[in-house]
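Read off the chains here:
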Amino acid sequence: MPHVRADLRDAHAASLRHVASPGARLDAARRVQIAEVAIAAYLDPEPAPPWVRPYGDLALDVAHRLARHAGTITLEWYEQVITEGLHPLEWVEVVGVVVAAVPPVAFARAIGVPVPGLPAPVPGPPTGHEAAELAPATLNWVPVAAPADQTASVVQALSSLPDENANLWRLAAAQYMANEQMGDPRWTRGLLSRPQMELVAGRLSLIRECFF
Amino acid sequence: MLSWSSNELGTPADIAVIASGDGDAGLPHGADLVAFAEAIARFDEEALARARAQLVAVAGEDFMIDAAAVAANFEMMTRVADGTGARHAPATADQRNAIGHRLGIAGFTSAH
């Protein structure tokens, strides 16, 4: 079994606990259901194509498409799903759950160990913990914490839901680097130089058809 | 970021490798890192096992684990960007468009 550094192991375990805890608008059981769909889609050797909605359930279908066909998601589809009844902050929470659940699974698969299971859902109602003030953004489709567009789009992407945002950046700090290190070309992730890190990031992002 | 970081370090990398998947970009273990990232992204379990073993053989297990962590991070960040409709600021449009056309990715949904 490969030895995984403690900060990374802890960040992945914390992220899965976060998935199984009550969120701003969804209870933990629903969040675990969304995560299970995302993990299944990510690992499926023959996934349903992007235009299929396998579950007939807005949140689960968003989780499925985001987990396996993220590069195909368009503004038009986002607006269609919102029009059909998913609240924009529920969409953001689904994104937060998917991006909390997929990285530990992706990492385990990459290093060749069994993928981790999800913890049992923590009982209790949604927390209602949302940004004090929301604003429409020009750099994202989703609403963000006010004031909008003062930071990069990926930095403000989940800011409407502080707990999802915090988990995202805890993971980023352990897997890649903290935001404050982004401007340092000499920063290394363990044995990888910054250009080696960016080579991995760039190739994977291109295959995922993500311009970022 | 590859172009910027490698230029800052005085050893410009060949960013075309990001698009072609062919070559080492001028970086130590570059070809093995590209193969590892590609195998993770392509959902090819046999290719992933080969690429992982090769990376461990040439660079060691800790190096492979750190590369896997970076890959996991971009399995996350690509979904954050695509799932929230993230766009680059207009001020960087010219630079982004140039890179997009050079790498053949200007047609990606997230490039608009």
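How each quantity is defined
- Residues numbered from 1 in each chain as written.
- Chains lettered and ligands numbered in written order.
- Predicted model: local features only at pLDDT ≥ 70, side-chain atom pairs only at ≥ 80, totals over all residues.
- Helix = DSSP H or I, 4+ residues; strand = E, 2+ residues; numbered from the N terminus.
- Rg over C-alpha atoms; globule rule 2.2 N^0.38 Å.
- Buried ≥ 20, exposed ≤ 12 C-beta atoms within 10 Å, placed from the backbone.
- Contact = placed C-beta atoms within 7 Å.
- Expected span 1.5 Å × (residues − 1).
- Arc of directions from axis to C-beta.
- pLDDT = per-residue confidence, 0-100.
- Nonpolar A, V, L, I, M, F, W, Y, C, P; charged D, E, K, R; others polar.

1. Topic: the overall build of chain A
Part 1 of the argument: The secondary structure content of chain A amounts to eight helices and two strands.
Part 2 of the argument: In chain A, the order of α-helices and β-strands from amino to carboxyl end is α-α-α-α-α-β-β-α-α-α.
Part 3 of the argument: Its C-alpha atoms give chain A a radius of gyration of 17 Å, near enough to 17 Å, the size a compact globule of 212 residues would have.
Part 4 of the argument: In terms of overall dimensions, chain A has C-alpha extents of about 45 × 40 × 35 Å along its principal axes.
Part 5 of the argument: Counting all 212 residues of chain A, 49% fall into the buried class.
Part 6 of the argument: For chain A, restricting intrachain contacts to residue pairs at least 6 apart in sequence, the fraction spanning at least 24 positions comes to 63%.

2. Topic: helix α1 (residues 6-19) of chain A
Part 1 of the argument: The first and last C-alpha atoms of α1(A) sit 20 Å apart over 14 residues, in line with the 20 Å expected at 1.5 Å per residue.
Part 2 of the argument: Three or more residues of α1(A) are buried, namely Leu8(A), Ala11(A), His12(A), Ser15(A), Leu16(A), His18(A) and Val19(A). Taken around the axis of α1(A), the buried residues stretch over an arc of 155 degrees, which confines them to a single face.
Part 3 of the argument: Considering only its buried residues, α1(A) is in contact with α2 (28-43), α5 (88-111) and α7 (162-175) of chain A together with α5 (61-83) of chain B.

3. A closer look at the confidence of the model for chain B
All names here are of chain B.
Part 1 of the argument: Per-residue confidence for chain B gives a mean pLDDT of 85, with 82% of residues at or over 70.
Part 2 of the argument: For chain B, per-element mean pLDDT is lowest for helix α6 (residues 93-103), which scores 67, and highest for helix α4 (residues 45-59), which scores 97.
Part 3 of the argument: Note on the complex model: pTM 0.93, ipTM 0.95.

4. Quick word on the interface of chain B and chain A
Part 1 of the argument: Counting from both sides, the interface comprises 61 residues of chain B and, opposite them, 60 residues of chain A.
Part 2 of the argument: Only α1 (2-8), α2 (16-20), α3 (30-42), α4, α5 and α6 of chain B provide two or more residues apiece to the side of chain B that touches chain A.
Part 3 of the argument: Here the element with the most residues in the side of chain B that touches chain A is α5(B); it accounts for 23 residues.
Part 4 of the argument: For the side of chain B that touches chain A, the per-class residue count stands at 36 nonpolar, 14 polar and 11 charged.

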